[in-house]
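Coordinate analysis (summary)
Here's the letter readout for the chains.
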Amino acid sequence: MFKIIKKEKLNESVTRLIVEAPHIARAARPGNFVVVIPAENAERIPLTIADADKERGTISIIFQIVGATTRVLDSLKVGDEIAHLLGPLGVPSHIAKYGTVVVIGGGVGIAEIYPAVKALKSAGNKVIAIIGARCKDLLIFEKELRTESSELKITTDDGTCGRKGFVSDELKDLIASGEKIDLVIAVGPVPMMKVCCDVTKAHNIRTVVSLNPLILDATGMCGICRVTVGGKTKFACVEGPEFDGHEVDFKELTERLKAYKDVEKRADEHVCRLLSNG
Amino acid sequence: MRERSAAERIRDFQEVPLGYTPEQAIEEAKRCIQCKNPKCVGGCPVEIDITGFLKFVAEGDFASAAEKIKETNALPAICGRVCPQEDQCEKECILGVKGEPVAIGSLERFVADWERESSPRPSTRYARSGHPSPSKMERGMNFDDSRKKGVRIAVVGSGPAGLTCAGDLARLGYQVTIFESLHVTGGVLTYGIPEFRLPKAIVNLEVEYVKSLGVEIKTDMLVGNVYTIEELLKEYKAVFIGSGAGLPKFMNIPGENLDGVYSANEYLFRVNMMKAWQFPEYLTPVKIGKRVAVVGGGNVAMDSARVSLRLGAEEVTILYRRTHDEMPARKEEIERAVEEGIVFKILTLPIKYHANNEGWVSEAECIQMELGEPDSSGRRRPVEIPNSNFKIPIDTVIVAIGNSPNPLVPHRTPNLKTEKWGGVIVTAAGLTSIPGVYAGGDIVRGAATVISAMGDGKVAAKAIHSFLGPTK
Ligand SMILES: Cc1cc2nc3c(=O)[nH]c(=O)nc-3n(C[C@H](O)[C@H](O)[C@H](O)COP(=O)(O)OP(=O)(O)OC[C@H]3O[C@@H](n4cnc5c(N)ncnc54)[C@H](O)[C@@H]3O)c2cc1C
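Calculation rules
- Residues numbered from 1 in each chain as written.
- Chains lettered and ligands numbered in written order.
- Predicted model: local features only at pLDDT ≥ 70, side-chain atom pairs only at ≥ 80, totals over all residues.
- Heavy atoms only, no water.
- Core = buried A, V, L, I, M, F, W, Y, C linked by side-chain atoms within 4.5 Å.
- Buried < 20%, exposed > 50% of the residue type's maximum accessible area, 1.4 Å probe, protein only.
- Contact = heavy atoms within 4.5 Å.
- Near = heavy atom within 4 Å.
- Polar contact = N/O pair within 3.5 Å; in protein donor to acceptor, adjacent residues only side chain to side chain.
- Areas by Shrake-Rupley, 256 points an atom, 1.4 Å probe, with all protein chains shown as cover.
- Helix = DSSP H or I, 4+ residues; strand = E, 2+ residues; numbered from the N terminus.
- Nonpolar A, V, L, I, M, F, W, Y, C, P; charged D, E, K, R; others polar.
- Domains from an automatic or database assignment.
- Buried area = accessible area lost by both parts, 1.4 Å probe.
- Salt bridge = Lys/Arg side-chain N within 4 Å of Asp/Glu carboxyl O.

In this structure, Val102, Ile104, Leu171, Leu211 and Phe250 of chain A are the most contacted members of the largest nonpolar core, which totals 103 residues. Excluding residues that lie within four positions of it along the chain, Val102 of chain A makes contacts with Ile128, Ile130, Leu171, Leu174, Ile181, Leu183, Val184 and Ile185 of chain A. In terms of nonpolar packing, the next biggest core, distinct from the first, is built from 68 residues, Leu54, Ala77, Val207 and Ala238 of chain B among them.

Moving on: the site of the ligand. Residues and elements named next belong to chain B. Surrounding the ligand, one finds 36 residues, the nearest of these being Val82, Ala161, Glu180, Arg197 and Asp442. Within the backbone of Thr449, an N or O atom sits 3.3 Å from an oxygen atom of the ligand. Summarising the interface, the protein chains cover 97% of the accessible area of the ligand, which totals 1000 Å² for the free molecule. Counting only elements with at least two residues in the shell around the ligand, the list comes to helix 11 (160–171), helix 16 (299–310), helix 18 (408–412) and helix 20 (450–468). For the shell around the ligand, the element with the highest residue contribution is helix 16, accounting for three residues. Within the shell around the ligand, the residues separate by chemical class into 19 nonpolar, 13 polar and four charged. Two domains each donate at least three residues to the shell around the ligand, and these are domain 2 (144–246 + 404–468) and domain 3 (250–401).

Turning to the interface of chain A and chain B, a few remarks are in order. The interface of chain A with chain B comprises 46 residues on the first partner and 42 residues on the second. Summed over both partners, the interface of chain A with chain B comes to about 3700 Å²; 57% of that surface belongs to carbon and sulfur atoms. It is Met221, Arg226 and Tyr260 of chain A that lose the most area in chain A upon contact with chain B, and together they represent 19% of the buried surface on that side. Inspection of the chain A/chain B interface yields two salt bridges. The partner of Asp262 of chain A in a salt bridge is Lys287 of chain B, with the nearest N and O atoms 2.9 Å apart. Counting every contact that joins chain A to chain B gives 20 residue pairs in polar contact (both at pLDDT 80 or more). Counting only elements with at least two residues in the side of chain A that touches chain B, the list comes to helix 1 (22–27), helix 2 (68–75), strand 6 (84–89), strand 13 (226–229), strand 14 (232–235), helix 8 (250–257) and helix 9 (261–277) of chain A. When grouped by side-chain class, the residues that make up the side of chain A that touches chain B number 22 nonpolar, 12 polar and 12 charged.

Turning to the domain arrangement of chain B, a few remarks are in order. All names here are of chain B. According to the domain assignment, chain B contains domain 1 (6–118), domain 2 (144–246 + 404–468) and domain 3 (250–401). With centres defined by C-alpha atoms, the gap from domain 1 to domain 3 works out at 32 Å. Contacts between domain 1 and domain 3 engage 13 residues on the former and 12 residues on the latter. Buried area between domain 1 and domain 3, summed over both chains or domains, comes out near 1100 Å², and the portion from carbon and sulfur atoms is 55%. Together, Arg9, Ile10 and Phe13 form the three largest contributors to the area buried by domain 1 at its contact with domain 3, with a combined 55%. Where domain 1 touches domain 3, the interface holds three salt bridges.

Bringing helix 4 (residues 50–58) of chain B into the picture now. Residues and elements named next belong to chain B. Taken residue by residue, helix 4 has Ile50, Thr51, Gly52, Phe53, Leu54 and Val57 as its buried positions. For helix 4, the elements touching its buried residues are helix 2 (22–30), helix 3 (39–43), helix 5 (62–70), helix 7 (89–92) and helix 8 (104–118). The residue sitting at the N-terminus of helix 4 and contributing the capping side-chain oxygen is Asp49; that oxygen lies 2.9 Å from the backbone nitrogen of Gly52. Residue Gly60 follows helix 4 closely and has a positive phi angle near 80°.

In structure tokens form, the structure reads like this:
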């Protein structure tokens with residue numbers, strides 16, 4: 001089970017894997033994620049299901065190498081098997097006809113918005129996608145999103161592709177241009193989602209964010225993923241990962257995300273050593 | 001029973017009791033006066049023939065003793081270790097009226113361990129002992145084997161409830177598939193109860209035994225998400241839900257979401273399931289500070305506290321809002337925790353956690369309590385003493401105030417009726433509000449015991465058998 005069918009480097013640090021998992025492909029909806037345990041000694045990490053092919057029985061996952069477990073995952077080759085894959089998890093995105101939807105993706109978040117863009121478009125929405133990265137080389141999914149969205153806007157921090165600036169600048173201009181926006185969806189690093197929510201809040205535009213807290217069992221049993229939304233504690237793994245962005249306590253989320261930063265380095269060094277020896 | 005000294009055992013994750021020697025076991029079993037109407041049997045949720053197995057032990061016939069136990073209990077090595085015998089069989093023992101009851105739990109453990117150690121492989125061990133010979137339950141049922149062939153049954157969850165139900169159904173000839181959401185089987189036996197209280201090798205052996213009966217176990221399968229119960233019913237003639245009480249309760253007090261505040265489930269899951277104590281060989285980290293506070297007074301709190309000690313915490317304090325007498329944990333485990341140097345702050349309720357500059361928890365603000373009138377549980381209700389706030393410096397908090405039934409399957413199964421507090425509603429036979437769907441264990445009772453979960457699994461297996469029997 002869970003054989004890797006295809007492996008592709010999307011840029012220097014982002015990889016796409018297409019993996020055999022018929023039962024997950026069958027039940028996956030946009031917004032769902034999986035827990036991946038690449039090897040028996042590795043962590044359980046959450047990754048969005050970037051695409052699912054029911055006929056072939058495969059799903060695709062896209063990840064950035066950010067630590068020990070993603071490094072182990074990236075060391076696997078076509079034909080290798082992922083030790084464990086659990087999904088689909090979380091509450092799927094609510095896909096409906098809203099009118100005009102702006103879908104914003106930052107960094108690897110760009111891969112995560114792809115299924116929502118596709119589904120919202122076929123539900124009859126005008127879908128404006130805004131994607132951003134630090135530089136041109138880090139932009140992913142440009143071609144796919146150009147095909148699937150009604151309009152694609154690109155920003156890079158250094159101006160090597162599209163507009164120089166942030167996705168939120170593009171969002172501000174879009175609002176200023178008088179475009180009537182019914183819903184904004186923002187997926188990416190916490191500061192990016194926070195800024196987008198600040199922008200839309202001022203204009204009272206409903207905004208959904210997909211949160212990326214730490215995850216352990218991902219089935220609602222441990223509570224490491226708890227986030228405060230509207231003053232209430234929620235378990236993002238089973239009640240999310242999508243929430244009303246105007247209600248999310250981003251400061252707490254930021255704090256909770258760094259809980260293991262120091263020790264994680266040790267794990268990463270350990271894996272690097274193992275991989276270079278083996 | 002002999003035990004390892006506190007000083008020695010807090011440095012590792014090995015078991016505390018050393019077990020009986022055969023001579024000690026025989027001597028202890030001889031204390032049983034073989035009552036004509038043994039009360040102890042009534043105290044056992046699965047009605048082990050206790051006097052029967054004790055008689056064999058007293059005669060030194062351990063193999064027959066094992067066979068006797070397994071007529072009604074397939075997991076004696078586990079029950080002998082974690083059952084609250086002091087509230088069950090041993091509580092009823094007539095010798096307990098004047099002196100010490102017979103140590104039934106320790107003897108059950110001895111017999112199971114003797115059997116395991118004296119035969120190398122699970123298949124031969126079970127072939128030689130109880131299993132192929134019909135159990136009490138099977139003997140009670142005349143059943144045409146051919147009708148069961150190919151009748152498929154789905155079991156949700158591989159904890160004691162699911163394993164027992166699956167095992168019993170498989171022995172009756174059904175084709176059983178267990179769906180387990182985690183990557184390892186065993187439920188709480190694996191992810192909750194620590195190694196020093198229940199060695200995982202023993203749990204694995206019991207799981208292997210259930211597999212050897214022909215039960216298929218699919219891990220990484222979250223029922224409700226991958227397949228709904230409705231979908232399962234299209235492929236399987238009956239479904240048993242044993243999904244446990246995995247939802248951790250929090251107190252909803254300020255600061256509970258600070259870094260350094262764990263639910264007991266998260267903490268134990270990191271250590272037991274993900275082997276964080278072997279970090280970085282195992283990549284999941286756990287951070288344990290110098291001063292750990294554990295909130296709660298049950299088994300889960302004791303386990304969390306004792307694990308913390310073994311992970312190197314310098315001071316571990318249990319914060320409990322009532323007193324020692326009201327603690328729901330097993331007496332034996334409280335005693336061991338005390339021996340190991342765990343500090344007990346009773347009549348203490350945390351009301352707020354404070355953070356240091358880095359957002360990490362640094363102090364627990366508590367309030368002093370006193371006992372008032374008895375509440376609905378019969379225990380005296382703890383009441384706050386006004387203006388008695390005080391702060392304890394800590395760098396880790398483990399919240400162990402209980403777990404609720406796992407809400408996921410009920411959420412995804414609209415017709416499945418539940419209590420307000422989340423428990424799935426069943427009949428005495430374990431039948432839910434959906435025909436063909438049974439449930440048992442912690443998903444029905446809320447956080448309870450291993451033995452009651454097993455008992456429920458048995459009852460449901462029997463009910464499923466008669467539900468499917470006559471009509472096929
Ligand atoms: C730390 C701790 C210590 C304890 N100590 C003792 C003790 O000393 N003595 C004692 O008698 N009891 C003890 N208990 C309680 C005892 O462990 C439980 O009562 C018992 O395990 C319940 O069994 P169960 O089969 O109902 O559920 P569980 O053991 O919880 O098993 C449920 C299984 O179902 C799986 N599952 C959940 N949802 C799904 C789904 N949707 N799809 C597929 N699988 C799913 C879970 O992953 C889990 O593996 C303790 C509990 C804890 C947490």
